[in-house]
Amino acid sequence: MIDLRSDTITKPTRAMRQAAYEAEVGDDVYGEDPTVNKLEEMAANTLGKEAALFVTSGTQGNQIAALTHCRPGDEVILEANAHIYLYEAAGFSALAGVQSRPLQGERGAMDPEDVAAAIRADDIHFPKTSLICLENTHNKAGGAILPLENMEAIYQVANKNNIPVHLDGARIFNASAASGISIKEYAKFTDTVQFCLSKGLGAPVGSIIAGSNNFIEQARKWRKRLGGGLRQAGVIAAPGIVALRDNVDRLVDDHENAVRLASGLASIKGLKVENIVETNIILVNVKDAGFTSSDEFLEKLTSKGILAGSYGPLTVRFVTNYHVSKEDVDKVLTSVSSII
Ligand SMILES: *Cc1c(COP(=O)(O)O)cnc(C)c1O
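Looking at an unreviewed UniProt entry, one finds the protein chain named Low-specificity L-threonine aldolase and attributed to Aquibacillus halophilus. Recorded in UniProt under Sequence similarities (unreviewed entry), the annotation for the protein chain is "Belongs to the threonine aldolase family." The annotation that UniProt attaches to the protein chain under Cofactor (unreviewed entry) is "pyridoxal 5'-phosphate".

What follows is the structure in C-alpha cells.
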C-alpha cells in the first residue's frame, strides 16, 4: 500500500527505535529523565524560547496553552478553520472554559485589522480577550504557509493590547523547510509555540510546547493535572531527538513529491487541485471526473493499493511523507489515471 492519508502515519525509523532502546531514563515527573531534558533543551534552542515541555500530543500542547494563558470566561481569537477550532473536540471550551472567536482568514491567515477589531474593549458585558492563536502551516488551507509579515503584524497588534500569541505550529518545520525562514524567525512573533514530533518528522509520539520559563513552569502543572506527567518518558523522547536531528532537512523531499503529485493530478482530466501546494498537502476535487463523492473515488483508489483521505464531500486529501518515494508518486499518477 502507498499511504498518503496523512504524515501522522509515519513509522519510527531504525535510528529512532535504536535510540528508544538505548535511552537513558529517569522519572520525568521528578525532572530526572535526562533524555526528556535533552529533547526539551534542544527544542527550546531550536525555537529560541527559554524553555520547552514534552507533551503527549499536539492537541495536549494546544490545550495546555489555553489553560495556562487564559481563565474560564475569557475569549480566544483564532482563524475560522483552525485545527484548534475544528478538530480538538471543543477542548478550549470543555477544558479551559474559554469562548472561541473565529475570524475568517485568507489561506489560513487572519487580517491583522480584523484581529485588532475583534479584541474586546474593557466593558462589563464582554469577555476578556486573553489569547490569539495562529496556525502555521495551516492544515485545512492545504498546508498553506502563514507569511512571516502576517505573523509579525498580528504579534504587534497583540503586544499593543498585552495579549499573548500562541502558534499551533504542528507543521512549523514544513513552513520553515519550504520558505527558508528559520524556526526562530517564526517563533519570534509568538509567545508560545506547539509543534508535532509525530507528523512529517516521523517520531512515534509527542509534541513540544515552548515559551518563557514562567509559562513552562505553569504549563508543567497543567500537564500533570491533565494526566500528562510521564515517568521514564526518555523511551519516547529519544525518537523525538532523532526526529529533530535527522528528519528536518528531508522535509523538502516531501514538498518536492507533493508538487510533482499535484501537477500530475492537475493534468488528469476532471481533477482539480484546490489548493496552492506549498508544503506536503494536496486537496483534489473529484466532481468533474464523474465521481458523486470523495468516498467513491477513494474506494477505487484503495483497490489500486493507494490510500488517501476524504476532506469534504468531493475533496480528497493526499499528504506526502517519508514513506512515499518519487517512484511511488509516479505509480499513484498512473493508478489515478486508470480509475478515471
Ligand atoms: C495534527 C495537528 C494538531 C494535533 O496534533 P495531535 O498530535 O494529532 O494531537 C494540531 N494542530 C494542527 C494544525 C495539526 O495538524
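Okay, the pattern of salt bridges next. With the rule as written, the count across this model stands at 13 salt bridges. Here Arg5 and Asp3 are joined by a salt bridge, their closest N and O atoms 2.5 Å apart. Here Arg250 ties to Asp254 by a salt bridge, and the two come within 2.6 Å at their closest N and O atoms. A single salt-bridge network, built from bridges that share partners, covers Glu75, Arg101 and Arg120.

Moving on, we get to the UniProt feature "domain: Aromatic amino acid beta-eliminating lyase/threonine aldolase" (unreviewed entry) in the protein chain. When the UniProt feature table is mapped onto this chain numbering, "domain: Aromatic amino acid beta-eliminating lyase/threonine aldolase" (unreviewed entry) sits at residues 3-288. Here residues 3-288 runs as 42% helix and 15% strand, with 24 Å between its end C-alpha atoms.

Okay, the pairing of strand E7 (residues 192-196) next. Within E7, five of the five residues are buried, which leaves it mostly tucked inside the rest of the structure. With burial as the criterion, each face of E7 is covered, one bearing Thr192, Gln194 and Cys196 and the other bearing Val193 and Phe195. When strand E6 (residues 165-168) meets E7, the two strands line up parallel, connected through three bridges. Residue pairing across strands places Asp168 opposite Gln194, the latter belonging to E7. Sheet topology note: the E7/strand E8 (residues 207-211) ladder contains four bridges and is antiparallel. The residue bridging Val193 from the neighbouring strand is Ala210, located in E8.

With that settled, consider the nonpolar core. The biggest cluster of nonpolar side chains holds 52 residues, and the ones touching the most others in it are Ile132, Leu134, Phe195 and Ile208. When neighbours within four sequence positions are excluded, Phe195 is seen to be in contact with Ala43, Leu47, Gly169, Ala170, Ile172, Phe173, Ser207, Ile208 and Leu244. Among the nonpolar cores identified, the runner-up in size contains 27 residues, and Ile2, Ile282, Val286 and Leu333 belong to it.

Take the site of the ligand next. If you check the shell around the ligand, you find 13 residues, and the closest are Gly58, Thr59, Asp168, Arg171 and Lys199. Within the side chain of Thr59, an N or O atom sits 2.6 Å from an oxygen atom of the ligand. Here an oxygen atom of the ligand and a side-chain polar atom of Arg171 are 3.0 Å apart. Relative to its unbound accessible surface of 380 Å², the ligand loses 85% to contact with the protein. For the shell around the ligand, the element with the highest residue contribution is helix H3 (residues 58-69), accounting for three residues.

Bringing the packing of aromatic side chains into the picture now. A complete count under the given rule lists three aromatic pairs for this structure. Aromatic pair Phe291 and Phe297: ring centres 5.1 Å apart, planes at 85 degrees, arrangement edge-to-face. The exposure classification of Phe291 matches that of Phe297, with both residues buried. Over the face of the ring belonging to Phe126 we find Arg120, whose NZ or CZ atom lies 5.3 Å from the ring centre. Looking at Lys140, its charged tip hangs above the ring of Tyr311, at a distance of 4.7 Å from the centre.

Right, let's get into H3. For H3, which comprises twelve residues, the first-to-last C-alpha distance of 17 Å matches the rise-based estimate of 16 Å (1.5 Å per residue) to within 8%. Within H3, eleven of the twelve residues are buried, leaving the element largely enclosed by the surrounding structure. By the burial criterion, the buried members of H3 are Gly58, Gln60, Gly61, Asn62, Gln63, Ile64, Ala65, Ala66, Leu67, Thr68 and His69.

How each quantity is defined
Residues numbered from 1 in each chain as written. Predicted model: local features only at pLDDT ≥ 70, side-chain atom pairs only at ≥ 80, totals over all residues. Heavy atoms only, no water. UniProt positions renumbered as here; feature names shortened; annotations may be inferred. Salt bridge = Lys/Arg side-chain N within 4 Å of Asp/Glu carboxyl O. Helix = DSSP H or I, 4+ residues; strand = E, 2+ residues; numbered from the N terminus. Buried < 20%, exposed > 50% of the residue type's maximum accessible area, 1.4 Å probe, protein only. Pairing = 2+ DSSP bridges. Core = buried A, V, L, I, M, F, W, Y, C linked by side-chain atoms within 4.5 Å. Contact = heavy atoms within 4.5 Å. Near = heavy atom within 4 Å. Polar contact = N/O pair within 3.5 Å; in protein donor to acceptor, adjacent residues only side chain to side chain. Areas by Shrake-Rupley, 256 points an atom, 1.4 Å probe, with all protein chains shown as cover. Phe/Tyr/Trp six-rings, centres within 6.5 Å; stacked < 30°, edge-to-face > 60°. Lys NZ or Arg CZ within 6 Å of the ring centre and 35° of its normal. Expected span 1.5 Å × (residues − 1).

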